[in-house]
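Structural overview
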Amino acid sequence: MKALSNFFTALVQRFLPDPFVFALILTLILFVSGIVFTPHGPIEMVQFWGSGFWNLLAFAMQMSLVLVTGHALASSPLVKKWLVNIALLAKTPAQGVILVTLGAAIACMINWGFGLIVGALFAKEVAKRVPGSDYRFLIACAYIGFLTWHGGLSGSIPLVAATPGNPMEKTAGLIPLSDTIFTGYNLFITLGLLIVLPIMTRLMMPTGKEVVEIDPRLLAEDEMAPATVVETTSSKPTFAVRMENSRFLSLTIALLGYSYLIYYFATNGFKMDINTVNLLFFTTGILLHRTPLSYMNAVSNAAKGTAGIVIQFPFYAGIQGMMELSGLGGKLTNAFISISNETTFPFLAFLSSGVVNFFVPSGGGHWVVQGPFIMPAAEQLGVDPGVAAMAIAYGEAWMNMAQPFWALPALAIAGLGARDIMGYCVTTLIVSGFIFAIGLTFF
């Protein structure tokens, strides 16, 4: 396992470009592929790219807020103390690796946005507290935990498939969560990942001269600006200064946010999406920071890491537009379907989803691109629609280990590059593929 991870780490260090350059290269590959493998010419492919380029603006803003509000929440005194106390459970680098991997995997099962941010912040705390820890590898462990998300409570494809009005309702009908998330095969796959991932990361852990430590002082957050500013002409704070440092104002806004969340959960059930997570992060953050100015300082500090999200998401939206509108996504999917039968269909659908995810790293995007081909084929072959939907979902989660798109928030928090972690993630891709294959084929 260690030799395999060393091999892929060396490979990634040599050949994987910056995630932005990676997105540009994928754009050109898909542009040329659309011309070669579909009846569309260059002008049409340009139109497909341009029409999709801005389709992820709302999602880019959501992801930026996940990063900013999550980071600001974690920098509050109470949450920081909580993370530190858990990090202190690890006495050795090996214990730290297991703790971060398991913690991130469980958190991502609860909610992917929560798990992605908390996992990276937790990895930083472990790196500070446990001498001899490899900082890069701990961040990789946090991202590896992301593999569990589509089998958890916030899996976008099973949630969308169970929602009235979704694009596949007329084709496959509504697929209840009892046929997707709450099934025996999903339990096997999710528990298998929870058990195998910590063991695997422990076996991959760098030792001796391979360890890349980082000075804990370099991981310390920037000092916050003073929370109170008093005018030199008067010893008494002005109205503006009092409002900036008003605990009452923060408490009132927090109560407003919690009131809405209680109403939302009471009327919709405990259904968390990215908007409710962001509101929960924001509401709790402003409450724990106590004053509006203190919270704004924390947000300003966190916002430095959003550059990668802001610049790269439009390119992936353009890629998704080319994939969907040119029909290339359908051709890739049909290539796998054409060689499948009732037994092999779930696994081949899973593989096709993994290939598509390299170009469309989005659960919702997968349902739009692949659903119209996978779901009718599943019906023709007599495959349970829930299994077919989860095959798409698992493939998306699985290929994230080779696609650095979703690592951007974690990398921004860590101050690392994709080459620092992706070699370990590619190793995880290979090993975890067996768990998905067994669960889809035999359960």
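This one's a predicted model, so the numbers in the text were calculated from it and none came from an experiment.

One can describe the packing of helix α17 (residues 328-337) onto helix α18 (residues 345-359) by two numbers: an axis separation of 9 Å at closest approach and a directional angle of 155°. Relative to α18, the element α17 is oriented roughly antiparallel. The way α17 lies across α18 gives a crossing that is right-handed. Two secondary-structure elements touch here, α17 through L332, T333, F336 and I337 and α18 through F345, L348, L351, S352, V355 and V356. Grouping the constituent residues of the contact of α17 with α18 by class yields eight nonpolar, two polar and no charged.

Once that is clear, we can look at the nonpolar core. Judged by nonpolar contacts, the single largest core of 116 residues is most densely connected at Y143, F345 and I421. Apart from residues no more than four positions distant in its own chain, I421 is found in contact with R136, I139, A140, Y143, A407 and L411. Listed in part, the eight residues of the second largest apolar core include V68, A72, A254 and I286.

Further remarks concern unusual backbone geometry. Phi at R290 is positive, roughly 80°, even though this residue is not glycine. Along the polypeptide, R290 turns up in the loop between α14 (274-289) and α15 (292-302).

With that settled, consider the confidence of the model for the chain. Looking at the chain, pLDDT values average 88 and 95% of them are 70 or higher. Across residues 222-233, confidence stays below pLDDT 50; counting only partners more than four residues off in sequence or on other chains, it has 15 contacts.

The next subject is helix α1 (residues 2-15). Because an α-helix packs 3.6 residues into every turn, residues spaced three or four apart end up facing the same way. Here α1 spans 20 Å end to end across 14 residues, near enough to the 20 Å set by a 1.5 Å rise per residue. When we look at burial in α1, the residues that qualify are S5, F8, T9 and V12. Looking straight down α1, one finds that the buried residues subtend no more than 105° of arc, so they occupy a single side. With respect to the buried face of α1, the exposed residues turned more than 90 degrees away are A3, R14 and F15.

Attention now moves to helix α8 (residues 135-144). Across the 10 residues of α8, 10 count as buried, placing the element largely inside the fold. Among the structural elements, α1, α6 (93-110), α7 (112-129), α11 (184-204), α21 (408-414) and α22 (422-442) are those in contact with the buried residues of α8. Between the side-chain oxygen at the start of α8 and the backbone nitrogen of R136 there is a gap of 3.1 Å, and the oxygen is on D134.

Now for the packing of helix α5 (residues 77-87) against α7. In the contact formed by α5 and α7, the axes pass within 9 Å of each other and the chain directions differ by 60°. For the element pair α5 / α7, the angle class is oblique. Once α5 is placed against α7, the crossing between them reads as right-handed. Note on element contacts: α7 touches α5 through V118, L121, F122, E125, V126, K128 and R129, opposite K80, L83, V84, I86 and A87. Split by residue class, the contact of α5 with α7 holds eight nonpolar, no polar and four charged.

This paragraph deals with the pattern of salt bridges. Enumeration according to the criterion identifies five salt bridges in this entry. Between E210 and K2 there is a salt bridge, and its shortest N-O distance comes to 3.3 Å. With E210 in the loop between α11 and α12 (239-244) and K2 in helix α1, this pair connects stretches of sequence that are 208 residues apart. Residue class for E210 comes out partly exposed when judged on its relative accessible area of 34%. Accessibility expressed as a relative area gives 24% for K2, which makes it partly exposed. The salt bridge involving E125 is made with K128; its shortest N-O contact spans 3.4 Å. Residue E125 and its partner K128 are located together in helix α7, separated by three residues, close to a single helical turn.

Scoring rules and cut-offs
Throughout this document, residue positions are counted from 1 along each chain, in the order its sequence is written. pLDDT decides what is reported in this predicted model: residues at 70 or higher carry local features, side-chain atom pairs at 80 or more are listed and counted, and totals for whole chains, interfaces and linings draw on all residues regardless. With hydrogens and water excluded, all non-hydrogen atoms of the structure serve as input to the side-chain values. Orientation is described by lines fitted to C-alpha atoms, with helices fitted over the stretch in contact, and by angles between N-to-C directions that extend from 0 to 180 degrees. A run of DSSP states H or I qualifies as a helix once it reaches four residues; a run of E qualifies as a strand once it reaches two. Both are numbered from the N-terminal end. Working rule for angles: under 35 degrees goes down as roughly parallel, over 145 as roughly antiparallel, 65 to 115 as roughly perpendicular, anything else as oblique. Note on convention: the crossing is left-handed when the near helix lies turned anticlockwise from the far helix by less than a right angle, right-handed when the turn is clockwise. The contact criterion used throughout is that any non-hydrogen atoms of two residues lie within 4.5 Å. Basically, the charged four are Asp, Glu, Lys and Arg, the nonpolar ten are Ala, Val, Leu, Ile, Met, Phe, Trp, Tyr, Cys and Pro, and anything else, Gly included, counts as polar. What we call a nonpolar core is a set of buried Ala, Val, Leu, Ile, Met, Phe, Trp, Tyr and Cys residues that are connected through their side-chain atoms within 4.5 Å. To sort residues, take the accessible area from a 1.4 Å probe on protein chains only and compare it with the maximum for the residue type: under 20% means buried, over 50% means exposed, and anything in between is partly exposed. Each residue carries a pLDDT score, the predictor's own confidence in it, on a scale running from 0 to 100. In this scheme, a helix's expected span is set at 1.5 Å multiplied by one less than its residue total. It is the directions from the helix axis to the C-beta atoms whose arc is reported. In protein, a polar contact means a hydrogen-donor-capable atom and an acceptor-capable atom, both N or O and within 3.5 Å, with residues adjacent in sequence counting only if both atoms are side-chain atoms; elsewhere, any N or O pair within 3.5 Å suffices. The salt bridge criterion pairs a side-chain nitrogen of Lys or Arg with a carboxyl oxygen of Asp or Glu, the two atoms within 4 Å.

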